[in-house]
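A structural walkthrough
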Amino acid sequence: MPGKGGRQGAGRGRRGMVVAGAAAVVVVAAGAVAGVALGGGDEPVKKKPTPTVSAPPPAWTLAAGRELTSGTGVRYDGTITLKGQPVQAHLRVTPSGSVTGRITAGTLTADVAAIDDVTYLKAGLAFWRAYAAEIAHPEYYADRWSKAPASMPGFDVPGVLGPKSIAKALRKASGNPPTEDVNGVRAYRITTSAADYLVTAAAPYRLLSVRAAGQNEPRFTAAPVAAPATLFTELRPRVAALGGAPDPNLHFTPGALTFSNCDQNTNGCTVSLPAALTSPQGAVPDGARAALRASITSRGTPLGSCRASGPVQADRSLTLRCTVTSKLWRNWMKKALDNPGSYPYEASARVVGEALDKADVPELLAQVDRERRAVLKRASATPDPATSGPATPGGPTAERSDGPEIATSRSPGRP
């Protein structure tokens, strides 16, 4: 792609080359709009139907939800099928739904982190090529925290395994769910569009297993987190490193890369690149961002690099600028000014999606710290929180959930 470059020297013209690229994954979002028809004129007004009050959830479902959202978190161990191959997953989820863990596929591994309902992966290039082959330029995402692509790991981790999400699903369960035996323990099976949840049929109604729906059929055993302090010790630095994580689900087409304020400037060189969001189609996804990665060289010698990011505008466009201010650039420019001659330079750049602005990381860390203090306080007040054995109903872990606290005295039924 042709672009404007420069040549340092007395009375010399400027020239250069520019290369730009981008990576993409197409994702599709769907929604629905509900409409209301109003009547008027001389037509008789229809009597409004009397609102019906839905039956309150059974008491046991609320108890199960409180057990999840007021405990130490949930440890999941299970298997996911990716590209026809079994992949082992070991995850720990906080009561609010933040996740830390690892996926293992033979000799290939991927670290997992999730916060604010977004899942991120950190894996080597071989893992991305093996399990996200549909993504162009996997090297843009390898060996750094990147947002999980829509096709991997195959399900919404916080939405399916998060305690709050599960508690919400349980509140919709019937009073007489089917039961089955789980390793000798009678358990209720609560079926949702996302997964089947198996919960002990006796108080304190512990989550035993999750069988997620979908083509990858993830299946997990579940147990309370034995060491919540360790969970947060692993989670916090992972969240701290998420700033600037690229998003392979966004695809951009770059425009012409240009230089500005570079000639005879020892302080730096600025590059600008316009770009347009080409996928997904339709409205710009909420919070969509793009990141510029640029570098400058002279006859193959690196002179420095820079990066910038910004939100995508409603018209799907944005222009990104960054300035190379490295010592390499300053020394090279001083040499060019002190020794007149030919000093061509050129830049290369790419635009990729960005999942998280670095400026948003401090608030996420504060969120982690607040939950850590609350969980450890509850754990210290609860005898033996590390075991998966029965807890005393109504004890310190049985705090109120965020959902409605209306309960009935209906029995959950017998098999």
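See the structure printed just above.
Rules behind the numbers
- All chains use their own residue numbering, which begins from 1 and follows the written sequence.
- For this predicted model, a pLDDT threshold of at least 70 governs which residues receive local features, and a threshold of 80 or more governs which side-chain atom pairs are given and counted, while totals over whole chains, interfaces and linings are taken from all residues.
- Values shown for side chains rest on all heavy atoms present in the structure; no hydrogens or waters enter the calculation.
- Note on pairing: DSSP must find at least two bridges between two strands before they are called paired.
- Strands are runs of DSSP state E lasting at least two residues, helices are runs of H or I lasting at least four, and both sets are numbered from the N terminus onward.
- Contacts were defined at the residue level, with two residues in contact if any of their heavy atoms lie within 4.5 Å.
- Orientation is described by lines fitted to C-alpha atoms, with helices fitted over the stretch in contact, and by angles between N-to-C directions that extend from 0 to 180 degrees.
- Put simply, a disulfide is two cysteine sulfurs that come within 2.5 Å.
- The cut-offs for exposure are 20% and 50% of the maximum accessible area for each residue type, with area from a 1.4 Å probe on protein chains only; residues under the lower value are buried, those over the upper are exposed, and the others partly exposed.
- Each angle is binned into one of four classes, with values under 35 degrees roughly parallel, values over 145 roughly antiparallel, values of 65 to 115 roughly perpendicular, and all other values oblique.
- Side-chain classes are defined by residue name, with Ala, Val, Leu, Ile, Met, Phe, Trp, Tyr, Cys and Pro counting as nonpolar, Asp, Glu, Lys and Arg as charged, and the others, Gly among them, as polar.
- Patch membership needs two things, relative accessible area over 30% and no salt bridge, and members are linked within 9 Å if like-charged or within 5 Å if nonpolar (Val, Leu, Ile, Met, Phe, Trp, Tyr).
- What sets the accessible areas is the Shrake-Rupley method with a 1.4 Å probe; for residues, cover comes only from the shown protein chains.
- Only one rule defines a salt bridge in this text: a Lys or Arg side-chain nitrogen within 4 Å of an Asp or Glu carboxyl oxygen.
- The charged-residue count follows a simple rule in which Lys and Arg add positive charge and Asp and Glu add negative charge, with His and chain termini not counted at all.
- A charged residue contributes its charge at one atom only: NZ of Lys, CZ of Arg, CG of Asp or CD of Glu.
- Each aromatic pair joins two rings of Phe, Tyr and Trp (for Trp, the six-membered one) with centres within 6.5 Å, and gets the label stacked for planes under 30 degrees apart, edge-to-face for over 60, and tilted for any other angle.
- The criterion is that NZ of a Lys, or CZ of an Arg, lies within 6 Å of the ring centre and within 35 degrees of the ring normal, and then a charge sits over that ring.
- What makes a nonpolar core is a set of buried Ala, Val, Leu, Ile, Met, Phe, Trp, Tyr and Cys residues whose side-chain atoms join them at distances within 4.5 Å.

Details of the sheet that holds strand β5 (residues 99-105)
Pairing in this open sheet of eleven strands is antiparallel, and the strands run β8-β7-β6-β5-β4-β3-β13-β12-β11-β10-β9 from one edge to the other. With partners counted over all chains shown, the strands left at the sheet margins are β8 (146-147) and β9 (179-182), one partner each. Helix-sheet contacts for helix α5 (residues 228-240) involve β4 (85-93), β5 and β6 (108-115), and the interaxial angle to β5 is about 85°.

Some words on the state of the cysteines
Applying the stated criterion to the full structure yields two disulfides. Two residues, Cys262 and Cys269, share a disulfide whose sulfurs are 2.0 Å apart. With the S-S bond torsion at 75°, the cross-link from Cys262 to Cys269 turns out right-handed. Shown here is the disulfide that connects Cys306 with Cys322, its sulfur atoms set 2.0 Å apart. Looking down the S-S bond of the Cys306 and Cys322 bridge, the torsion is 50°, so its handedness is right-handed. You can see Cys306 sitting in strand β19 (residues 301-311) and its partner Cys322 sitting in strand β20 (residues 317-324), a full 16 residues away along the chain. Each member of the pair, Cys306 as well as Cys322, is classed as buried. Shown here for the protein chain is a disulfide pattern of 1-2, 3-4, where each number marks a bonded cysteine counted in sequence order.

Concerning the packing of α5 against helix α7 (residues 361-381)
Across the interface, α5 lies against α7 with an axial gap of 10 Å and an inter-helix angle of 180°. Put simply, α5 runs roughly antiparallel to α7. From α5, Pro228, Ala229, Phe232, Leu235, Arg236, Val239 and Ala240 reach across to α7, where they touch Val361, Leu364, Leu365, Val368, Asp369, Glu371, Arg372, Val375, Leu376 and Ala379. Broken down by class, the residue content of the contact of α5 with α7 amounts to 13 nonpolar, no polar and four charged.

Description of a negative patch on the surface
Residues Asp116, Asp117, Asp156 and Asp360 make up a contiguous surface patch of negative charge. Residue position: Asp117 is located in the loop between β6 and β7 (118-123).

Here we look at the pattern of salt bridges
Under the counting rule described, the total for this entry stands at 13 salt bridges. Between Asp247 and Lys147 there is a salt bridge; the shortest N-O distance is 3.8 Å. Taken together, the positions of Asp247 in strand β14 (residues 246-247) and Lys147 in strand β8 put the pair 100 residues apart, joining distant regions of the chain. You can call Lys147 partly exposed: its relative accessible area is 25%. Connected via shared salt-bridge partners are Arg92, Arg102, Asp111, Glu234 and Arg238.

Some points on helix α1 (residues 59-69)
With respect to burial, α1 is a largely interior element, eight of its eleven residues being buried. Among all positions in α1, only Trp60, Thr61, Leu62, Ala64, Gly65, Glu67, Leu68 and Thr69 are buried.

Concerning the pairing of strand β18 (residues 289-298)
By the criterion of burial, β18 is predominantly enclosed, with eight of the ten residues buried. Of the strand pairs in this sheet, β18 and β19 are connected by ten bridges, and their pairing is antiparallel. Bridge pairing in β19 places Ser298 opposite Thr301. Taken together, β18 and the strand that follows it, β19, pair antiparallel across an intervening segment of two residues, in which Arg299 is found at a positive phi of about 50°. Where β18 meets strand β21 (residues 343-354), nine bridges bridge the pair, whose relative direction is antiparallel. Counterpart to Leu292 in the pairing with β21 is Val351.

Looking at the pairing of β21
Counted residue by residue, β21 has nine buried out of twelve residues, so it is predominantly covered. With two bridges joining them, β14 and β21 adopt antiparallel strand pairing. Residue Pro246 lies in a different strand from β21, and its bridge partner there is Glu354.

Some words on the packing of aromatic side chains
This structure, assessed with the given rule, holds eleven aromatic pairs. Relative to Tyr345, the ring of Trp332 has its centre 5.8 Å away and its plane inclined at 80°; by these criteria the two rings are edge-to-face. Of the two residues, Trp332 sits in helix α6 (residues 327-338) while Tyr345 sits in strand β21, which places them 13 residues apart along the sequence. This pair shows no difference in class: Trp332 is buried, exactly as Tyr345 is. An aromatic cluster is built from Phe259, Trp329, Trp332, Tyr343 and Tyr345, whose rings are joined through pairwise contacts. Its end group placed over the ring of Tyr140, Arg350 keeps NZ or CZ at 4.1 Å from the ring centre.

Regarding the packing of α1 against helix α4 (residues 163-170)
Close contact between α1 and α4 brings their axes to 9 Å; oriented N to C, the two are set at 180°. The angle between α1 and α4 falls in the class roughly antiparallel. Taking contact as the criterion, the partners of Thr61, Ala64, Gly65, Leu68 and Thr69 in α1 are, on α4, Pro163, Lys164, Ile166, Ala167 and Leu170.

Here we look at the nonpolar core
Nonpolar side chains in soluble globular proteins tend to end up buried together. With 50 residues, the main nonpolar core has Tyr76, Leu161 and Leu207 as its most contacted residues. Counting 32 residues, the second largest nonpolar core, distinct from the first, contains Phe252, Trp329, Ala336 and Tyr343.

Overview of the environment of Asp357
Here Asp357 is to be found in the loop between β21 and α7. Each C-alpha atom, one on Asp357 and one on Leu242, is 8.6 Å from the other, the two residues being 115 residues apart in sequence.

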